[in-house]
Amino acid sequence: MTPQPRLRTLPAWKALEAHHARCGGEHLRDLFAADPERGERFAAEGAGLYLDYSKQRVTDETLRLLLDLARAVELRPRIEAMFRGEAINLTERRAALHVALRAARGQVITVDGQDVVPAVHAVLDRMAAFSAQVRDGDWRGHDGRRIQNVVNIGIGGSDLGPVMAYEALRHYSDRRLTMRFVANVDGTDFAEATRDLDPAETLFIVASKTFSTQETMANAQTAREWCLGALGDERAVARHFVAVSTNAEAVAAFGIDPANRFGFWDWVGGRYSMGSAIGLSTMLAIGEDCFRAMLGGFHAMDEHFRGAPFERNLPVLMGLLGVWNCNFLGARSVAVLPYEQYLKRFPAYLQQLTMESNGKRVTRDGAVVDYQTGPVYWGEPGTNGQHSFYQLIHQGTQLVSCDVIAFAQALNPLGRHHDLLLANALAQTAALAFGKTADELRADGTPDWLLPHRVFEGNRPTSTLLAQRLTPAVLGALVALYEHQVFTQSVIWDINPFDQWGVELGKALAGHILPALESGAEPALGHDSSTNALIRRCRERR
Ligand code: G6Q
């Protein structure tokens, strides 16, 4: 029998539908007017983060029904199954145990009967020793010169986390090291990342779980040639290349000393791996203590997610509010708006975390869903976005929900800059919620003909995440918050957030197109007529 999706048949879901039909249109203006305490009541705190969700379009009743839904889909036991290391990634038959990467020494987490925490800490200790050597100048290049540059080569989960974390924690980084990141197979990425670097002073980290990813292998090979071309000795590879990978054989075949491989495990998904050895570039930049503080932040949020009652549980609340926005209010996208320049790559990082995880159309047992799943995530740091796409969020025809992220303290206090920044962040959430009515505009002297253009409907939902300042621990907590929000939503939508079959087809097709592009002769082009014509055109113009 063809499996059927269950979600919409659940009484808890039907209750939400009925509730939405009754009061889904209520305006935030009225909700705030009716409850002077709303701004303080609709808030929760955990792991150093304060979440204000009072500007979400929910009432106490909505929250109660959403929490009923969380119980109906058995969220609590599903969280436990993840933390216990069960093989919850069903299609790949493995655990999804990123929480073990930040478990405290001595904590016991077993996979297939084996405690994985000692191995996690053994790798962390090796990373720490290596990072200290490089940062202290004890790890030298082939000709004895100090390493000044570190280039991380990796893509997807082996790039986005490391780049984001480096940018986010740059304030804490050792400025003597130049950090670069190469991901794209487009040669420009490598060329621009290395054009001003001296190979004798450059260390490459080849970060690839499988050590077989086409882009990463192409870039690693180019790096090898670039390095050996200058240093002229195969033995230089041992001083200028280290690997982060689960694939020991392929690392050795590349010529990297097995002693310079930092391993991790198949129960760490790429987009959940920034706390593993994939974070080696992060540790090189910020040092062991800051890296461990970041893991501490992750861990604090893990504990909060596992232990806090759902009504005060940040990832659960954000997950449920996201479901409400997406499935009931019709918001198909979420804008992530960090009012913190150091978080400029955070939206890009979140895009992979959220969309590769929850961009799925079938349930865990293969039924085609009859409801929306993961929304589109996008964003830019404030205030820049205000001068660009905020127009659509305020006055466009589609509903976008926003996550505004802000910090009470600046890392670079400069005159009034931080107050200006914060004032903008808070003003935007108020403007999005309350808008500006025709009456208010008239009272301000707006002429009638201009009113339709100047009216802000408001009622645009936002969540505000506030922390004291952007520290390594706060970054860890923030990332873990989104990881667990994604998990919460995947449980509601009954999908597997830990696989990514949707990236396979394009990879396979590229493998077929490459020979056609590279061959000189006109081959029997076995593709569709559009692809054939494009191949021919590219070849003619090479
Ligand atoms: C993430 C994905 C994917 C992966 C890259 C790189 O969850 O699995 O983005 O991280 O394809 O893979 P490798 O690390 O194996 O090179």
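Up top you'll find the structure we're talking about.
Residues numbered from 1 in each chain as written. Predicted model: local features only at pLDDT ≥ 70, side-chain atom pairs only at ≥ 80, totals over all residues. Heavy atoms only, no water.

Outline helix α1 (residues 11-23), supporting the account with residue identities and numerical values.
Helix length check: α1, at 13 residues, gives a terminal C-alpha distance of 18 Å against a target of 18 Å (1.5 Å per residue), a fit within 8%. Every buried residue of α1 is listed here: A12, W13, L16 and H19. Take α1 and look down its axis: the buried residues cluster within an arc of 120°, on one side only. Along α1, the residues that are exposed and aim more than 90 degrees away from the buried face are P11, A21 and R22. (Helix = DSSP H or I, 4+ residues; strand = E, 2+ residues; numbered from the N terminus. Expected span 1.5 Å × (residues − 1). Buried < 20%, exposed > 50% of the residue type's maximum accessible area, 1.4 Å probe, protein only. Arc of directions from axis to C-beta.)

How would you explain the side chain of T429 if you had to name every residue and give the values?
Topologically, T429 is positioned in helix α17 (residues 417-434). Overall, T429 belongs to the buried group, its relative accessible area being 1%. A distance of 3.2 Å separates a polar atom in the side chain of T429 from a polar atom in the side chain of K55. (Polar contact = N/O pair within 3.5 Å; in protein donor to acceptor, adjacent residues only side chain to side chain.)

For the packing of aromatic side chains, give the residues involved together with the corresponding values.
Taken as a whole and assessed by the stated rule, the structure comprises 22 aromatic pairs. With 5.3 Å between their ring centres and 25° between their planes, W324 and F328 make a pair best called stacked. Remark: F328 and W324 occur in helix α14 (residues 314-328); sequence separation between them is four residues, near one turn of the helix. Both residues of the pair, W324 and F328, belong to the buried class. (Phe/Tyr/Trp six-rings, centres within 6.5 Å; stacked < 30°, edge-to-face > 60°.)

If you had to explain the site of the ligand to someone new, which residues and values would you point to?
Around the ligand there are 13 residues in total, and S158, S208, T210, T213 and Q352 lie nearest to it. At 2.6 Å, a side-chain N or O of S158 approaches an oxygen atom of the ligand. In this structure, an oxygen atom belonging to the ligand sits 2.7 Å away from a main-chain N or O atom of K209. In isolation the ligand has 410 Å² of accessible area, and contact with the protein removes 86% of it. Here the shell around the ligand is built from residues that sort into one nonpolar, nine polar and three charged. (Near = heavy atom within 4 Å. Areas by Shrake-Rupley, 256 points an atom, 1.4 Å probe, with all protein chains shown as cover. Nonpolar A, V, L, I, M, F, W, Y, C, P; charged D, E, K, R; others polar.)

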